[in-house]
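Listed below, chain by chain, are the residues.
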Amino acid sequence: MRRKRPPSRLPEGVRIYAIGDVHGRADLLDQVFTRIDNHAAAHPIDRPIVVLVGDYIDRGPDSRGVLDQLLKRAKTNEMVLLKGNHETLVLEFLRNPSALQSWSQLGGLETLMSYGLSPSLNADAQTQNELAIALQATLPKSHLVLLGGLQSSFNCGGFFFAHAGVRPGVPLAEQRETDLLWIRDEFLLYEGKFDKIVVHGHTPVREVDMRPNRINIDTGAYATGKLTCIIIERNEVEVL
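Residues numbered from 1 in each chain as written. Predicted model: local features only at pLDDT ≥ 70, side-chain atom pairs only at ≥ 80, totals over all residues. Heavy atoms only, no water.

J.: Which residues make up the overall build of the chain, and what are the values?
T.: Counting its regular elements, the chain contains 10 helices and 10 strands. The C-alpha atoms of the chain give 18 Å as radius of gyration, which agrees with the globular expectation for 240 residues (18 Å, within 12%). Once the C-alpha set of the chain is aligned to its principal axes, its extents read approximately 55 × 40 × 30 Å. Residues counted as buried form 54% of the 240 residues belonging to the chain. Long-range pairs, those at least 24 residues apart, make up 67% of the contacts in the chain with a sequence separation of at least 6. Accessible surface, the chain as shown: approximately 11,100 Å² in total, 49% of it carbon and sulfur. (Helix = DSSP H or I, 4+ residues; strand = E, 2+ residues; numbered from the N terminus. Rg over C-alpha atoms; globule rule 2.2 N^0.38 Å. Buried < 20%, exposed > 50% of the residue type's maximum accessible area, 1.4 Å probe, protein only. Contact = heavy atoms within 4.5 Å. Areas by Shrake-Rupley, 256 points an atom, 1.4 Å probe, with all protein chains shown as cover.)

Structure representation (structure tokens):
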């Protein structure tokens with residue numbers, strides 16, 4: 001996709017690589033990281049930042065592998081890992097095993113299987129408790145720390161990053177986490193300006209959706225095999 005010039009811009013010397021919803025596709029994430037490294041090597045800049053807009057787990061086959069990749073890369077690169085609504089679901093299951101019923105409808109069983117567990121489609125209360133205990137025992141502490149430490153939003157220059165979007169009419173600094181993680185129509189149908197360009201995922205689209213007030217980078221990787229990364233530098237945006 002050709003470059004576009006939004007009205008907002010990043011500070012000089014900063015480049016952001018923003019990655020959409022991964023959903024357990026460790027294979028695609030590995031490919032995107034390789035493309036980022038190749039691009040950064042060919043076009044050096046003072047401060048490259050990789051921003052992921054959340055939903056690392058569920059639906060796809062290798063949620064555990066995705067978290068491993070994020071932890072490994074964060075040791076040597078500047079990374080911003082945002083919280084998606086799916087990251088809240090696994091934590092809720094650990095606190096309340098009965099949440100398995102709703103989580104399983106959103107891809108939670110695939111996450112459990114990626115940790116070597118064998119969940120049932122119709123688990124009773126006892127089985128739900130046993131699964132939660134088993135996941136707690138299997139989940140590496142580093143994964144639990146990562147999931148519990150994700151931030152809800154990120155500001156840089158004239159761009160604001162959040163998983164789902166923002167509520168129109170509410171200042172960006174006052175957004176509720178529920179909206180940042182879950183909002184859909186009220187945000188997607190709004191054509192007015194926000195304080196900054198909002199970069200988000202959460203609602204899958206066929207191609208990157210660049211609008212005057214927002215950019216949607218969720219291209220449904222788990223189903224389409226297409227994990228999107230955009231490059232933002234100064235006031236230019238392009239698809240990597």
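J.: Lay out the packing of helix H3 (residues 85-95) against helix H7 (residues 141-148) with the relevant residues and their values.
T.: Think of two packed helices as two axes; the pair is described by the angle between the axes and how far apart they sit. Orientation of H3 relative to H7, taken along the N-to-C sense of each, is 120 degrees, at an axis distance of 10 Å. The angle between the axes of H3 and H7 places the two elements in the oblique class. Read as a crossing pair, H3 and H7 show a hand that is left-handed. On the side of H3, the interface is formed by Glu 87, Val 90, Leu 91 and Leu 94, while H7 contributes Leu 144, Leu 147 and Gly 148. (Axes fitted to C-alpha atoms, helices over the stretch in contact; angles between N-to-C directions. Parallel < 35°, antiparallel > 145°, perpendicular 65-115°, else oblique. Left-handed = near helix turned anticlockwise from the far one by under 90°.)

J.: Give a detailed account of the sheet that holds strand E1 (residues 14-19), specifying residues and quantitative values.
T.: An order of E3-E2-E1-E9-E10 is seen for the five strands of this open sheet, with the pairing classed as mixed. The sheet is open, and its two edges are formed by strand E3 (79-81) and strand E10 (236-239), each paired on a single side. Here the strands of the sheet are splayed against their neighbours by 20 degrees on average, with no regard to which way each runs. Judged from the three bridges that link them, strand E2 (residues 47-52) and E3 form a sheet pairing that is parallel. Along E3, the bridge assignment pairs Val 50 with Met 79. (Pairing = 2+ DSSP bridges.)

J.: Please set out unusual backbone geometry residue by residue, giving values where relevant.
T.: Unlike most non-glycine residues, Arg 59 shows phi in positive territory, near 70 degrees. Within the secondary structure, Arg 59 sits in the loop between E2 and helix H2 (63-74).

That is the geometry; function is a separate question.
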